Amino acid sequence: MDVLLLGQLARRPAHGYELRRRIEAATGIKLHNNSLYPALKRFGEAGAVTRTLEPQEGRPPRHVYTLTDVGRELLHDQLADLPDELAGDEAEFLARLAGFGRLTPAERRGVLDARGRVLAERRARLAGLAEAAAPPSVDDPDTATDDPWAALVLDEVLRRIREEQGWLDRLARRADDQSTTTRQHEEMPP
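Residues numbered from 1 in each chain as written. Predicted model: local features only at pLDDT ≥ 70, side-chain atom pairs only at ≥ 80, totals over all residues. Heavy atoms only, no water.

1. Focus on the pattern of salt bridges
- Tallying each qualifying case throughout the model produces 13 salt bridges.
- Its salt-bridge partner being R22, residue E18 comes within 3.3 Å of it at the nearest N-O pair. One end of the pair, E18, and the other, R22, are both in helix 2 (residues 16-27), four residues apart, so they sit about a helical turn from each other. Judged on exposure class, the residue E18 and its partner R22 are both buried.
- The partner of R96 in a salt bridge is E92, and the shortest N-O contact between them spans 2.5 Å. With R96 and E92 both in helix 6 (residues 90-98), this residue pair falls four residues apart, about one helical turn.
- Given a relative accessible area of 5%, R96 falls into the buried group.
- A cluster of three or more residues bridged by salt bridges with shared partners is formed by E156, R159, R160 and E163. (Salt bridge = Lys/Arg side-chain N within 4 Å of Asp/Glu carboxyl O. Helix = DSSP H or I, 4+ residues; strand = E, 2+ residues; numbered from the N terminus. Buried < 20%, exposed > 50% of the residue type's maximum accessible area, 1.4 Å probe, protein only.)

Structure below.
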C-alpha cells in the first residue's frame, strides 16, 4: 500500500478521501481509513508528506497531503527494491512495474529479475508435482493420481507461469529504454 499511496501523491496532492478513491479505482482494492490515515501519519512523521488545511465553503477544512522530496526518494527506493519474499506477490510486483518510469534501467532489471527468480522456483516446484500427477505408465499402474483434475490445474498454472516468463523477457528488453525514465522525472516538480 505504501507504494500505491506515495505513487498517487507523486502525481498530485490529494485529501484523504480523494486519495482513497484514486487508489481503489486504480487497483480495485478496497482501502479502509484505518489503514490509509495511519500510513499518511507515518509518512508525515518521516517527512515524506506534508499536510495542509484547505478551506471548504460551509464545511470544515480538509487536510491535503503533498509528497515532499523525502517522499519522492522513499517512493523511488520502494519501487527499486523488490525482495524475493515479496516478488511472489503479484500486486507488489505490478505496483513496482507501474512505477518503472521512475527507475533506471538497472533498477528495472533488478525488479524483473526478482520476479523471474520467484517464477522459476514456482515453475520447478509445480513441474515436479505435474510429473508426479502424470498418467500411469504401462509398466507401473500404481503411479496414477486419484484426481485427474489436479493435473489439469497444474497444467494451467504452469502455462500461466510460462506465459508470464515470456512477458518478463519482453519487459526486460524494454527495461533498457531510458526515454520512459527521463520523461517521468521531467514531469515531477522540483
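2. A look at the packing of helix 1 (residues 2-11) against helix 2
- Their axes nearest at 10 Å, the elements helix 1 and helix 2 cross at an angle of 110°. As the angle between them shows, helix 1 and helix 2 are arranged roughly perpendicular. Handedness of the crossing formed by helix 1 with helix 2: right-handed. Across the interface between the two elements, L4, L5, Q8, L9 and R11 from helix 1 touch L19, R22, I23, A26 and T27 from helix 2. (Axes fitted to C-alpha atoms, helices over the stretch in contact; angles between N-to-C directions. Parallel < 35°, antiparallel > 145°, perpendicular 65-115°, else oblique. Left-handed = near helix turned anticlockwise from the far one by under 90°. Contact = heavy atoms within 4.5 Å.)

3. Looking at the confidence of the model for the protein chain
- Summary statistics for the protein chain give a mean pLDDT of 86 and a share of 85% for residues scoring 70 or more.
- Contacts of residues 181-190 to residues separated by more than four positions or lying in other chains number 15 contacts, the stretch itself having pLDDT below 50. (pLDDT = per-residue confidence, 0-100.)

4. Focus on the packing of aromatic side chains
- Under the definition given, this model contains one aromatic pair.
- Between the aromatic rings of F93 and W167, the centroid separation amounts to 6.4 Å while the plane-to-plane angle is 90°, which identifies the pairing as edge-to-face. Residue F93 is found in helix 6, and its partner W167 is found in helix 8 (residues 148-175); the two are separated by 74 residues along the sequence.
- A residue is classified by how much of its surface remains accessible, and F93, at 0% relative accessible area, is buried.
- A cation sits over an aromatic face here: R42 above F43, 5.1 Å from the ring centre. (Phe/Tyr/Trp six-rings, centres within 6.5 Å; stacked < 30°, edge-to-face > 60°. Lys NZ or Arg CZ within 6 Å of the ring centre and 35° of its normal.)

5. Observations regarding the sheet that holds strand 2 (residues 49-56)
- Read across the sheet, three strands follow the order 1-3-2 without closing on themselves; strand pairing throughout is antiparallel. The outermost strands of the open sheet, each flanked by one partner alone, are strand 1 (14-15) and strand 2.
- Where strand 1 meets strand 3 (residues 59-67), two bridges bridge the pair, whose relative direction is antiparallel. Counterpart to A14 in the pairing with strand 3 is Y65.
- Helix 1 rests against strand 1, strand 2 and strand 3 of the sheet, and its axis sits at about 100° to strand 3. (Pairing = 2+ DSSP bridges.)

6. Observations regarding helix 8
- For helix 8, with 28 residues, the first-to-last C-alpha span of 41 Å sits near the 40 Å given by 1.5 Å per residue.
- Of the positions making up helix 8, those classed as buried are L154, L158, I161, E164, Q165, L168, L171, A172 and A175. (Expected span 1.5 Å × (residues − 1).)

7. Overview of the environment of R109
- For R109, the location among the structural elements is in helix 7 (residues 105-132).
- R109 sits 67 residues away from D176 along the chain, and the two C-alpha atoms are 8.2 Å apart.
- Residues in contact with R109, not counting those within four places in the same chain, are A172, A175 and D176.

8. With respect to the side chain of Q165
- Locating Q165 in the fold gives a position in helix 8.
- Leave out the neighbours within four places in its chain, and Q165 touches L119, A120 and R123.

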